[in-house]
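# Descriptive analysis of the structure
If you want the building blocks of each chain, they are given just below.
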Amino acid sequence: MGKRKWFQWTVQREEAAVLVAHGALTHEEVALRLGIARRTLSRWKADPEFGERVRAVVDDAAESLQTRSIAGRQARVDALTDRWL
C-alpha cells in the first residue's frame, strides 16, 4: 500500500476550500478563478484534510447565521418590550 502524501496548505488551497464550501460557483468556475485545472481541484477535494476544511467553513457559516438570527430576534423582543413598557 502506498504512503499517503501530506497535504500542504497554501493560500490558493485555502481559497479553494472556502469557495467550494460556499457553493456559489461550479467546480469548473472555482478552478478557473484560481488558475488551476479542474482535475487539480478534484485531487484536492479527494484529500480528507481538504474535506475537513470545507466542512469547517460550512459549520462556521451555519453558526454565524444562527448567531445573527438569534441576535435579530432578541433585538425585536427588546423593541417590543420597550414599547409595551
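Description of the structure in this document. As the structure is a computational prediction, the values presented were derived from the model and not from experiment.

### Examining the pattern of salt bridges
- Under the definition given, this model contains one salt bridge.
- Here glutamate 14 ties to arginine 53 by a salt bridge, and the two come within 2.7 Å at their closest N and O atoms. Residue glutamate 14 is located in helix α1 (residues 11-22), and its partner arginine 53 is located in helix α4 (residues 48-84); the two are separated by 39 residues in the primary sequence.
- On the accessibility criterion, glutamate 14 (27% relative accessible area) is partly exposed.
- Among the residues examined, arginine 53 registers a relative accessible area of 27% and is labelled partly exposed.

What counts and what doesn't
- Every residue gets a number counted from 1 within its own chain, in the order that chain's sequence is written.
- Two thresholds apply to this predicted model, a pLDDT of at least 70 for residue-level local features and 80 or more for giving and counting side-chain atom pairs, whereas whole-chain, interface and lining totals are computed over all residues.
- The side-chain quantities take in all heavy atoms of the structure and omit both hydrogens and water.
- Salt bridges are defined by distance alone: a side-chain nitrogen of Lys or Arg within 4 Å of a carboxyl oxygen of Asp or Glu.
- Segments assigned H or I by DSSP are reported as helices when at least four residues long, segments assigned E as strands when at least two residues long, and all are numbered from the N terminus.
- Note on exposure labels: buried denotes an accessible area under 20% of the residue type's maximum, exposed denotes more than 50%, and partly exposed covers the range between, all computed with a 1.4 Å probe on protein chains only.

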